Amino acid sequence: MVSDHSGFTGSIVALITPMDSKGQMDKASLKKLVEYHVASGTSAIVSVGTTGESATLNHDEHVAVVLTTLEMADGRIPVIAGTGANATAEAISLTNRFENTGVVGCLSVTPYYNRPSQEGLYLHYKAIAESTDLPQILYNVPSRTGCDLLPLTVARLAKLKNIVALKEATGNLSRVSQIQALVNDETFILLSGDDASFVDFMQLGGKGVISVTANVAAAEMAQVCKLAEQGEFLKARGLNSRLMELHHQLFVEPSPTPVKWACHQLGLIADDSLRLPMIPLTQEGQIPVGQALKIAGLL
């Protein structure tokens, strides 16, 4: 397994996909977001992951957003493509469209809704990995998908040459040591997918976070990760404490609804539009998210 994967550690943003009022990609806002993350020290961008509304974009739109992000990044920040799907053939097709484009790897969420067995999950990811040379990041978020990629299955998959990392979004910190004990490869990267517990995750041996909060607090998240990487956990926790309310309130309504509204409030995007069945943040939701932005010193 290759141990050097640029952009697979630190504060990685699960980037929103800015849209206009007609639900089309807003290129001007996307450019603004990319510049913001380059300037803020974000380690990498995940383009069109689940936070990027992959579920409501068709494949051509999905690919267009990733390639536009890649063009705007212009080699200044690594771009990881979201390529997950609940049909293996679909995930392979999407993955293969990013071969030789310049993306540094793919983030592939577990198949949602159909709730595959552990053997089904293993064969799903094995088939994807065998179809490409692109490094693969597994993504486990059972609260959204209805299936849980268990540590034993992760260990089996980690033996495949281009499965290099896991985004673990259960919030269950015991998973870190369980996976470390089972994966006999120090180069396999564990990333938190849960902003509220990512500092603890890193203290246990994780290498970073794929973050929703980084959409609005990019420099702060990058700094917390840098401190954690240096073993300065007291300082990291001190800085992260200002963000803790944000970590929680960005999920007060289904994501990415709150974070799009927050980006709009900060002037990072022109419109907080989403595609149905997602709808804009309610008046009730705006109050706690606005307060969290103030506590974080962002408003």
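Predicted model only: the values in this text are computed from it and were never measured.

**Q** Hey, could you run me through the sheet that holds strand 2 (residues 44–47) in this one?
**A** The strands making up a sheet associate through backbone hydrogen bonding, with each pair oriented either parallel or antiparallel. Pairing is parallel around the closed barrel formed by eight strands, whose spatial order is 1-2-3-4-5-6-7-8. Between one strand axis and the next, the sheet turns through 25 degrees on average, direction left out of account. Bridging between strand 6 (residues 163–168) and strand 7 (residues 189–192) involves four bridges; their strand directions are parallel. Paired with E168 across the two strands is S192, which belongs to strand 7.

**Q** Is there a simple way to explain the UniProt feature "binding site: pyruvate" (unreviewed entry) in the protein in this structure?
**A** Under the UniProt annotation, "binding site: pyruvate" (unreviewed entry) lies at T51 and I210. Spatially, the listed residues are clustered: although they cover 160 residues, their C-alpha atoms lie within 10.4 Å of one another. For the second largest cavity, the lining residues among the annotations just cited are T51. The topology assignment puts T51 in the loop between strand 2 and helix 2 (59–73). Classification of T51 as buried rests on a relative accessible area of 8%. Beyond its immediate sequence surroundings of up to four residues, T51 is in contact with A14, L15, I16, V212, N215, S255 and P256.

**Q** What is the right way to look at empty space enclosed by the protein in this model?
**A** To find leftover empty space, one rolls a probe the size of a water molecule over the atoms. Scanning the model with the defined rule gives two cavities of 30 Å³ or more in all. Estimated volume of the largest cavity: approximately 60 Å³. In terms of lining, the largest cavity is formed by V48, G49, T50, S54, H62, G82, T83, G84, L107, V109 and Y139. Across the lining of the largest cavity, the residue classes tally to four nonpolar, seven polar and no charged. For the lining of the second largest cavity, the per-class residue count stands at five nonpolar, four polar and one charged.

**Q** Looking at this structure, I do not really get the environment of L266. What am I missing?
**A** Tracing the backbone shows L266 in the loop between helix 12 (257–265) and helix 13 (283–295). Here L266 falls in the partly exposed class, since its relative accessible area comes to 25%. Taking the C-alpha atoms as reference points, L266 and V216, separated by 50 residues in sequence, lie 7.7 Å from one another.

**Q** How do you make sense of unusual backbone geometry when you look at a structure like this?
**A** Generally, phi is negative for residues other than glycine and the peptide bonds are trans, each holding for most cases. Here the bond from S255 into P256 is cis, since omega is 10 degrees, no more than 30 degrees from zero. With omega at 15 degrees, the peptide bond leading from L276 into P277 counts as cis. Tracing the backbone through its elements, the reader meets P277 in the loop between helix 12 and helix 13. Even without glycine at this site, E53 takes up a positive phi of about 65 degrees.

**Q** Where do I start with the UniProt feature "site: Part of a proton relay during catalysis" (unreviewed entry) in the protein in this structure?
**A** Mapped onto the present numbering, the UniProt feature "site: Part of a proton relay during catalysis" (unreviewed entry) falls at T50 and Y113. For this annotated set, covering 64 residues, all C-alpha atoms fall within 14.2 Å of each other, a compact arrangement in space. Lining the largest cavity, from the residues just named, are T50. Structurally, T50 can be placed in the loop between strand 2 and helix 2. Taking the relative accessible area as the measure of exposure, T50 reaches 34% and is therefore partly exposed. Ignoring anything within four residues of it in the chain, the contact list for T50 reads V109 and Y139.

**Q** What is the right way to look at the packing of helix 1 (residues 27–40) against helix 2 in this model?
**A** When two helices pack together, their arrangement is given by the angle between the helix axes and the distance between those axes. Where helix 1 contacts helix 2, the two axes come as close as 10 Å, and the packing angle between them is 50 degrees. In terms of their interaxial angle, helix 1 and helix 2 are classed as oblique. Between helix 1 and helix 2 lies a crossing of right-handed hand. Together, K27, L30, K31, V34 and E35 of helix 1 and V65, T68, T69, M72 and A73 of helix 2 make up the contact between the two elements. In terms of residue class, the contact of helix 1 with helix 2 is made up of five nonpolar, two polar and three charged.

**Q** Hey, could you run me through helix 13 in this one?
**A** Each α-helix turn comprises 3.6 residues. Residues three or four places apart therefore point the same way. Along its 13 residues, helix 13 runs 19 Å from first to last C-alpha, staying within 8% of the 18 Å computed at 1.5 Å per residue. The complete set of buried residues in helix 13 reads G285, P288, V289, G290, A292 and L293.

**Q** What am I meant to see in the layout of surface pockets here?
**A** Space inside the largest pocket adds up to approximately 650 Å³. If you trace the largest pocket, you find 30 residues lining it, with T50, T51, Y139, R144 and S255 closest to the centre. Elements represented by at least two residues in the lining of the largest pocket include exactly helix 5 (142–145), strand 8 (208–211) and helix 11 (244–249). Counting residues per element, the lining of the largest pocket draws most heavily on helix 5, at three residues. Broken down by class, the residue content of the lining of the largest pocket amounts to 14 nonpolar, 11 polar and five charged.

Basis of the calculations
- Residues numbered from 1 in each chain as written.
- Predicted model: local features only at pLDDT ≥ 70, side-chain atom pairs only at ≥ 80, totals over all residues.
- Heavy atoms only, no water.
- Pairing = 2+ DSSP bridges.
- Helix = DSSP H or I, 4+ residues; strand = E, 2+ residues; numbered from the N terminus.
- Axes fitted to C-alpha atoms, helices over the stretch in contact; angles between N-to-C directions.
- UniProt positions renumbered as here; feature names shortened; annotations may be inferred.
- 1 Å grid on protein atoms, 1.4 Å probe; cavity = no way out; pocket = protein on both sides within 12 Å on 5 of 7 lines; lining within 4 Å.
- Buried < 20%, exposed > 50% of the residue type's maximum accessible area, 1.4 Å probe, protein only.
- Contact = heavy atoms within 4.5 Å.
- Points joined across faces, edges and corners; volume = space filled by probe spheres on them.
- Nonpolar A, V, L, I, M, F, W, Y, C, P; charged D, E, K, R; others polar.
- Parallel < 35°, antiparallel > 145°, perpendicular 65-115°, else oblique.
- Left-handed = near helix turned anticlockwise from the far one by under 90°.
- Expected span 1.5 Å × (residues − 1).

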